[in-house]
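Here are the chains, one letter per residue:
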Amino acid sequence: MQFEKLGAFYLGKVYDPRRAETRADPLLYDSKDLTTHGLIVGMTGSGKTGLSTVLLEEALLDGVPALVIDPKGDMANLLLRFSDLSPEAFAQWIDLSEAARRGVTLEEMARDEAVRWERGLLAWGQSKDRLAMLERAGPVRIFTPGSASGRPLALLRSFECPSEEVRGDTDAIRERVQTTVSALLGLAGIEADPLTSREHILLSNLVEHAWSKGETTSLEKLVRASVDPPFSHLGALDLETFFPAKERLSLATRLNSLLASPAFASWLQGEPLDVSRLLRHDDGRPCLSVLYVAHLSDVERMFFVTLFLEEVIGWMRVQDGTGSLRAILYMDEVFGFFPPIAAPPSKAPMLTLLKQARAFGLGVVLATQNPVDLDYKGLSNIGTWFLGRLQTARDRERLMEGLQASEGSRFDRAETERLLSSLPKRTFFMHDVHEDAPALFETRWAMSYLRGPLTLEQVKRIATPASTEEREPETPPRPREPGGDRPQLTPDVEECFLAPAGEPSLIYRPFLLAKAQLHYVSTKSDLDHWDNLHWLTPLEDPIAWQSGEAISPLVLEEGPADGVSFAPTPSLSSWEKTTTQWKRSLAAFLYRVQRLELFSVPELELYSRPHDSAADFRSRCAHARREKRDEELERLRERFAPKLARLEEAILRAEAQLERESSQYGDSKLETAMDFGVTLAGALFGRKLGNVTRARRAARSASRVAREHKDVERARARVEFQKEKLEALEAELVEKTAELQKAYSGDELPVTSVLHAPRKSDVVVERIALAWRR
C-alpha cells in the first residue's frame, strides 16, 4: 500500500479546495510531529470523532500506545472492531429507533451497515487484511472508574508515596500535593483555595509530611490525622490557633462521610491505577486504554481526571528523554478541564504536560467543539492543529488567536481564514509547525464502527460479555481459632502489626520482620543499586530463614484489631543478644539465596532497571527499537534528500530549456511558413528576381527549423533522462525504506534473564522486630 510508511499515520487524502474534490494523494502525518502535541477542533457533525479515531488506530498500527480519556462515550467505539465485517457483528450495535425510522428490520439494517462499512473501507484502500493488522497490533481495553461495568480502576495509588525522582523535584511534588488535595476536597463538596483555605493547607501538609518520610498515605489516615495531626504548628501559628480541634473534627467528619459512602467504595476496587500497565500488555504489545467517565458526575469526573493526569506526570518523569513518540495522551471533549480564566484542579497538571511532556516522547492530543472555552496561552505549546467546520465567526476568531501565538510571523491569517470559511464535512485544515505549508485533507474511513456514544450498559456488554461472566464461589466463613491474650514483652523488644495478607484471621501469629540492605554491582549491566528488603519469617525455635519471604509493600497497622487473640510465642529473653546472632545468620542466608533479576536484550544492549517487571522492560525495548528505527529512517532521508533536490532542480532547468527551445522552434516554423508563402505568391504573380532571393531565405529558414527541431528533441530527451534518474532514485529510496520496515516490523526481540548476587560485604541487616500478622 502506498500509505503504509514507516513512522507515518495515514489520516486521509489531500483535498483540493479550488476543484472542491478529494485527490488520490494520501495525507501522511509524521508521527514524530505529535511529540509537540495536537489539537482537534470541530463542531458537531464535522467529523472530529472520526479523525480522532483514525489517529488512534494509526498510532496502534505504528506500535504507539495511547491513554484515552472519554468524557462523552464516543471513544468507546474503538472497541467496535469487526474483522470479518459480518452483519451479525453489526446487529447488536444497531440503533433500533433508527431502524424503525427507516422502516426496515434490524437484520436488514445490519446487513446494509456491514455492506456500507466494507465499501467505505475499500474506497480508502483498506482491506480486511488491514483490519486484521489492527487486531494483531494490540488490544483495546475500556476502564470504568467508579463502576464495575467495564474494568474498574482503584484510586488508592493516587495517595501512594511518589518515586524518589518525583520527590526530588520540590515544585513537582508540591504541584502534585496541591492538585490531589484540591480534587479530594472537590469530591467532598468543599470549595477550597490552595493559598487561603485552612482545609486545603492542613490536608496538603498532612500529605506532604507523609510523602517526605517516604510513607504512603490513604483517605483513612487523612481522616484520623485531621483530628490529631503529627505536627503542632502551621506557619507561625500553633495548630490550635490556626485550625481549632472542633473545626478539624468537622472536616474529618466530612471526609469520613465520603469514605463511608457505598458509592465511594467503587473507587477503591479494581486494577491499580498504573500508567505503565495501561500503556502496555504483559506481552509487550501497545494498548489503547479507554478511560470511560461519561457515567460520572461533573465533580467525580474532575476528581478522576485530575488524579489521573498527576499519575501520568509521575510516570512521565521517570522515563528517559527521547525525540521519538513514546505514547499518546488523548482527551476528548476537553471543555471545562482547561478553561481560559478559571483554574479547576485539572488545569495545572494539563499545563504541565503541555509544557514538559515533549522531552519524554509523550504526545498530548486534545479535542473539543468549543474553541472559545480553551486556554489559548497554554495551547501555544501545541504544534499541530486539526481544524474542521466551526459554528460561528467567534470560534474562528479564537482559533486565529491561538494559531498566531503558536506560529508567530510565519502564520498567514488571511489565507487560513479563507480556507476555514467553507470546509465540507470530514475535511480538516492541518497546520503543522514542522511542515512548510498547511494542508487540507478528507479523513479516511475509520476501521472502528462509529455508532455514536455508548451507554454504561453497552460498555458493560462489550467489556464483559454475558457468556463469559463467571460468578466467584462464595467463601465459607472461617472458624474461630483458639488463642490467648497479648503476651507481655520486655521494653527492648520492637513490636509491630502487619496488615493481613488476604482474608484476615481471628488470631495473631508471631513473625520476625527484618530490614536489610543489599548492594548489587555489575559493570556489564551498568548496575550499582542498593536494595531495601523486608524479610518476614515465622517465629519458631529454631529460626528457619528459608521459610520466610520478602514482602513489598510493607503495610503496618497502628495496633491490634479488636476481638483478635494471640497465638503462643516462644521465649524472647535476651532479645538484644539473640537478634545479634539472627542478624549474622540472616545476612549469610541472604547472600547465598537472594538474587536481583535483570532482563536483557543483547541486540539492543539494554538491561532492565532493578525491579522492573518484564512488561515494563518490554515497553522500554519497544521504544528503544522505535528510536533506533526513527534514527535510521532520518539518516536515510538525509542521505537521499540532497540527491532528490538536485534531480528535481535539474528537471526544472531541463523543462525550462525545453520550453525555450519549443518556443523558438514554433517561431521559426511560423517564419519559414511565411517565407515559403511569399515565395509561392511571387512565383505565381511575377517579380522573378525577388523570388530567387526569397527562395534562398526560405531554404535557410527551413534548415534552421530542422536544427531547432533537433534542439527541442534533445531538450525533451534531457527532461526524460532526468525524470528517469529521479524515478530510479525514488525506487531505491522505496527499496531501502522497505528493507528498514521489514527489519523493524518482525517479532519482538527475545528477552533473557540475568541474575545478580549481592556483594557479600554489603549485605547489612539493620534491625529485627517482632511482627504480628493475622
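For the structure, see preceding data.
We now turn to the structure provided with this report. (Residues numbered from 1 in each chain as written. Predicted model: local features only at pLDDT ≥ 70, side-chain atom pairs only at ≥ 80, totals over all residues. Heavy atoms only, no water.)

1. Side note on the overall build of the protein
Of the regular secondary structure elements, the protein holds 21 helices and 25 strands. Looking at the 774 residues of the protein, the share that counts as buried comes to 48%. Long-range contacts, defined here as pairs at least 24 residues apart, represent 76% of the contacts in the protein between residues at least 6 apart. Of the roughly 38,600 Å² of accessible surface on the protein, 50% is carried by carbon and sulfur atoms. (Helix = DSSP H or I, 4+ residues; strand = E, 2+ residues; numbered from the N terminus. Buried < 20%, exposed > 50% of the residue type's maximum accessible area, 1.4 Å probe, protein only. Contact = heavy atoms within 4.5 Å. Areas by Shrake-Rupley, 256 points an atom, 1.4 Å probe, with all protein chains shown as cover.)

2. A word on the pairing of strand 5 (residues 140-143)
What you see with strand 5 is no split at all: V140 and I142 on one side and R141 and F143 on the other are buried throughout. The pairing of strand 5 with strand 10 (residues 288-292) spans four bridges and is parallel. Each bridged residue has a counterpart across the sheet, and for F143 the counterpart in strand 10 is L291. (Pairing = 2+ DSSP bridges.)

3. Here we look at the pattern of salt bridges
Here the structure, examined in full by the defined rule, presents 37 salt bridges. With a closest N to O distance of 2.6 Å, E98 and R101 form a salt bridge. Residue E98 and its partner R101 are located together in helix 3 (residues 96-102), separated by three residues, close to a single helical turn. The partner of R426 in a salt bridge is E442, and the shortest N-O contact between them spans 3.9 Å. With R426 in the loop between helix 17 (413-420) and strand 14 (427-432) and E442 in strand 15 (residues 439-443), the pair connects residues that are 16 residues apart, well separated along the chain. Looking at E442, the relative accessible area reads 18%, which means it is buried. What you see here is one network of salt bridges that share partners, running through E57, E58, R130 and R444. (Salt bridge = Lys/Arg side-chain N within 4 Å of Asp/Glu carboxyl O.)

4. Considering helix 9 (residues 219-227)
Listing the buried residues of helix 9 in full gives L219, L222, V223, A225 and S226. On its buried face, helix 9 sits against helix 7 (170-187), helix 8 (198-212), helix 11 (245-260) and helix 12 (262-265).

5. Remarks on the packing of aromatic side chains
This structure, assessed with the given rule, holds 18 aromatic pairs. Centroid distance F304 to F308: 5.8 Å. Interplanar angle 15°. Geometry classified as stacked. Here F308 and F304 lie together in helix 14 (residues 298-316), a separation of four residues that amounts to about one turn. Residues F304 and F308 agree in their burial class; the two are buried. A centroid spacing of 5.3 Å and a plane angle of 75° characterise the contact between F497 and Y508, whose relative ring orientation is edge-to-face. (Phe/Tyr/Trp six-rings, centres within 6.5 Å; stacked < 30°, edge-to-face > 60°.)

6. A look at the sheet that holds strand 10
The pairing of strands in a sheet happens through backbone hydrogen bonds and is either parallel or antiparallel. Spatially, 2-1-15-14-13-3-12-11-4-10-5 is the arrangement adopted by the 11 strands of the open sheet, whose pairing is mixed. Since the sheet does not close on itself, it has two edges, and those belong to strand 2 (21-30) and strand 5, each with one partner. For this sheet the average axis-to-axis angle between neighbouring strands, irrespective of direction, equals 25°. Strand direction decides the pairing type here: strand 14 and strand 15, joined by four bridges, are antiparallel. Residue pairing for strand 15: F428 is matched across the bridge by F441. (Axes fitted to C-alpha atoms, helices over the stretch in contact; angles between N-to-C directions.)

7. Some details on the environment of L134
By secondary structure assignment, the location of L134 is in helix 5 (residues 128-137). C-alpha separation for the pair L134 and M447, spaced 313 residues apart in sequence, amounts to 8.6 Å. Look past the residues within four positions of L134 in its chain and what remains in contact with it is E57, L60, L61, R81 and M447.

8. Focus on the environment of W535
Tracing the sequence through the fold places W535 in strand 18 (residues 527-538). With 55 residues separating them along the chain, W535 and L590 place their C-alpha atoms 9.5 Å apart. Once residues lying within four places of it in the same chain are set aside, the contact partners of W535 are L512, L513, A514, W545, G548, E549, A550, L586, F589, L590 and Q594. A distance of 3.1 Å separates a polar atom in the side chain of W535 from a polar atom in the side chain of T537. (Polar contact = N/O pair within 3.5 Å; in protein donor to acceptor, adjacent residues only side chain to side chain.)

9. Description of the packing of helix 14 against helix 15 (residues 347-356)
Look at helix 14 against helix 15: their axes get within 9 Å of each other, and the N-to-C directions meet at 30°. When the axes of helix 14 and helix 15 are compared, the pair comes out roughly parallel. When you trace helix 14 past helix 15, the crossing you get is left-handed. For the pair formed by helix 14 and helix 15, the contact residues are L309, E310, V312, I313 and M316 on the first element and P349, M350, T352, L353 and Q356 on the second. In terms of residue class, the contact of helix 14 with helix 15 is made up of seven nonpolar, two polar and one charged. (Parallel < 35°, antiparallel > 145°, perpendicular 65-115°, else oblique. Left-handed = near helix turned anticlockwise from the far one by under 90°. Nonpolar A, V, L, I, M, F, W, Y, C, P; charged D, E, K, R; others polar.)

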